Amino acid sequence: MTEATETASRSPEFVQSLERGLAVIRAFDAVHPQLTLSEVARATGLTRAAARRFLLTLVELGYMRTDGRLFSLRPRVLELGYAYLSSLSLPEVAQPHMEALVAQVHESCSMSVLDGDEVVYVARVPTKRIMAVAISVGTRFPAYATSMGRVLLAGQPADWLADYLDTAQLRPLTRRTITDPVKLRAALTRIGSQGFALVDQELEEGLRSLAAPIHGEDGSVIAALNVSAHASRGTSEVIRRELLPPLLATARRIEEDLRGGSQPTR
């Protein structure tokens, strides 16, 4: 779709300047914590003049800093994401149940939601570092290669999932990563039927992960809950046997609290 066609398909209320300002913020990430004006313009498709105006506006508002050449985000930008997280009851309800699960199985537990083709962590209770990258609330991973992502994908409407499988870039993150859309579809069908996902070293070598869905009141999958373990803990079957029952039980307790609207107790 060309830019002209895309623009024509948008509603009259669409504010393009806001879209461009957000694109400038999204240009910065863990790989690109600092960018020059030219790099921002290239990453966003904006002219240098437009990129400069957006960058200097963000600097003046306190969301960004600059030394005159390089630009980087300031902590205040977290307010934008926190507004969303603070509006959710889900992490607050889930947290005590996740803490109890971690105390029981002695493995890290996370909760995520689907955002486009990525999972976004909205709650986490770590026990020990088993991944090469640090994980915290707000961390993103490609949905296709994660247990939580597959649970969330499996819960999507058929039309949405078909579009996803047609367009997703399934890159091999390890030698075990499923990169064939046909095989991924089969895996998602199986996950939807069995009610959980087990991913064996597809996101990172040495990491196995189990995930279960969290359902809303209407039965739709609104989030995913997982536990991750190093491969040294045992085979996939051992991890499934030891960790799946408490994981599923924790997911059901979270759903019960969400349906009942009860306040979490510690």
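Participant: What should I look at first to understand the packing of helix α3 (residues 37-44) against helix α4 (residues 48-61) in this one?
Facilitator: Each packed pair of helices is defined by two parameters, the angle between the axes and the distance between the axes. Axis separation between α3 and α4 bottoms out at 9 Å; the angle between their running directions is 110 degrees. Taken together, the axes of α3 and α4 lie roughly perpendicular to each other. Across the interface between the two elements, Leu37, Ser38, Val40 and Ala41 from α3 touch Arg48, Ala51, Arg52 and Leu55 from α4. Within the contact of α3 with α4, the residues separate by chemical class into five nonpolar, one polar and two charged.

Participant: Just to check I follow, could you spell out the sheet that holds strand β4 (residues 108-115) for this structure?
Facilitator: What links the strands of a sheet is backbone hydrogen bonding, and the strands pair in either a parallel or an antiparallel sense. As summarised here, the arrangement of the six strands in space is β6-β5-β4-β9-β8-β7, forming an open sheet in which the pairing is antiparallel. Among the strands making up the open sheet, the edge pair consists of β6 (140-142) and β7 (197-200). Each strand of the sheet is rotated relative to its neighbour by a mean of 30 degrees, with strand direction disregarded. Each of β4, β5 (118-125), β8 (207-215) and β9 (221-230) touches helix α6 (residues 90-105); the most contacted strand, β5, lies at about 65 degrees to it.

Participant: How do you make sense of the sheet that holds strand β3 (residues 70-73) when you look at a structure like this?
Facilitator: Strand order in the open sheet made by the three strands is β1-β3-β2, with antiparallel pairing throughout. The open sheet is flanked by β1 (35-36) and β2 (64-66), the only strands paired with a single partner. When β2 meets β3, the two strands line up antiparallel, connected through three bridges. The partner of Arg65 across the bridge, within β3, is Ser72. Against the sheet, α4 engages β2 and β3, with an angle of about 110 degrees to β2.

Participant: Explain the pairing of β8 here, please?
Facilitator: Side chains on a regular strand alternate between the two faces of the sheet. Where burial is concerned, most of β8 is hidden: eight out of the nine residues are buried. In the sheet, β7 pairs with β8 via four bridges, with the strands oriented antiparallel. Along β8, the bridge assignment pairs Asp200 with Arg208. Connecting β7 to the next strand, β8, in antiparallel fashion are six residues, including Gln201 with a positive phi near 60 degrees. Bridge analysis of β8 against β9 gives nine bridges, and the strand direction is antiparallel. Residue Leu210 lies in a different strand from β9, and its bridge partner there is Val227. Counted between consecutive antiparallel strands, the loop separating β8 from β9 contains five residues, among which Gly219 sits at a positive phi close to 90 degrees.

Participant: Just to check I follow, could you spell out the side chain of Ser108 for this structure?
Facilitator: Along the chain, Ser108 falls in strand β4. Side-chain polar atoms of Ser108 contact the backbone nitrogen of Thr127, separated by 3.0 Å.

Participant: Please clarify how the nonpolar core should be interpreted in this entry.
Facilitator: A general feature of soluble globular proteins is that nonpolar side chains tend to end up buried together. In this structure, Met111 and Leu225 are the most contacted members of the largest nonpolar core, which totals 28 residues. Listing elements by their share of this core, those giving two or more residues are α6, β4, β5, β8, β9 and α10 (236-260). Top contributing element to this core by residue count: α6, with seven residues. Grouped together as the second largest cluster of nonpolar side chains are 25 residues, Leu165, Leu184, Leu188 and Val221 included.

Participant: How should the pattern of salt bridges be read in this particular structure?
Facilitator: When their charged atoms lie close together, side chains carrying opposite charge are able to pair. In this structure the tally under the stated criterion is nine salt bridges. Measuring nitrogen to oxygen at the nearest pair gives 2.8 Å for the salt bridge that ties Arg233 to Glu107. Placement of the pair is Arg233 in the loop between β9 and α10 and Glu107 in the loop between α6 and β4, with a sequence separation of 126 residues. Owing to a relative accessible area of 29%, Arg233 belongs among the partly exposed residues under this scheme.

Participant: Please clarify how helix α2 (residues 16-26) should be interpreted in this entry.
Facilitator: Note: α-helices contain 3.6 residues per turn, so residues at a spacing of three or four share the same orientation. The complete set of buried residues in α2 reads Gly21, Val24 and Ile25. When α2 is viewed along its axis, its buried side chains cluster within an angular range of 100 degrees and face the same direction.

Participant: Help me understand a nonpolar patch on the surface, please; the structure alone is not making it clear to me.
Facilitator: A grouping of Val15, Leu18 and Leu22 is seen on the molecular surface, where their side chains present a nonpolar patch of about 260 Å² in accessible area. Structurally, Val15 is set in the loop between α1 (3-9) and α2.

Conventions we followed
- Residues numbered from 1 in each chain as written.
- Predicted model: local features only at pLDDT ≥ 70, side-chain atom pairs only at ≥ 80, totals over all residues.
- Heavy atoms only, no water.
- Axes fitted to C-alpha atoms, helices over the stretch in contact; angles between N-to-C directions.
- Helix = DSSP H or I, 4+ residues; strand = E, 2+ residues; numbered from the N terminus.
- Parallel < 35°, antiparallel > 145°, perpendicular 65-115°, else oblique.
- Contact = heavy atoms within 4.5 Å.
- Nonpolar A, V, L, I, M, F, W, Y, C, P; charged D, E, K, R; others polar.
- Pairing = 2+ DSSP bridges.
- Buried < 20%, exposed > 50% of the residue type's maximum accessible area, 1.4 Å probe, protein only.
- Polar contact = N/O pair within 3.5 Å; in protein donor to acceptor, adjacent residues only side chain to side chain.
- Core = buried A, V, L, I, M, F, W, Y, C linked by side-chain atoms within 4.5 Å.
- Salt bridge = Lys/Arg side-chain N within 4 Å of Asp/Glu carboxyl O.
- Arc of directions from axis to C-beta.
- Patch = residues over 30% accessible without salt bridge, like charges linked within 9 Å, V, L, I, M, F, W, Y side chains within 5 Å.
- Areas by Shrake-Rupley, 256 points an atom, 1.4 Å probe, with all protein chains shown as cover.

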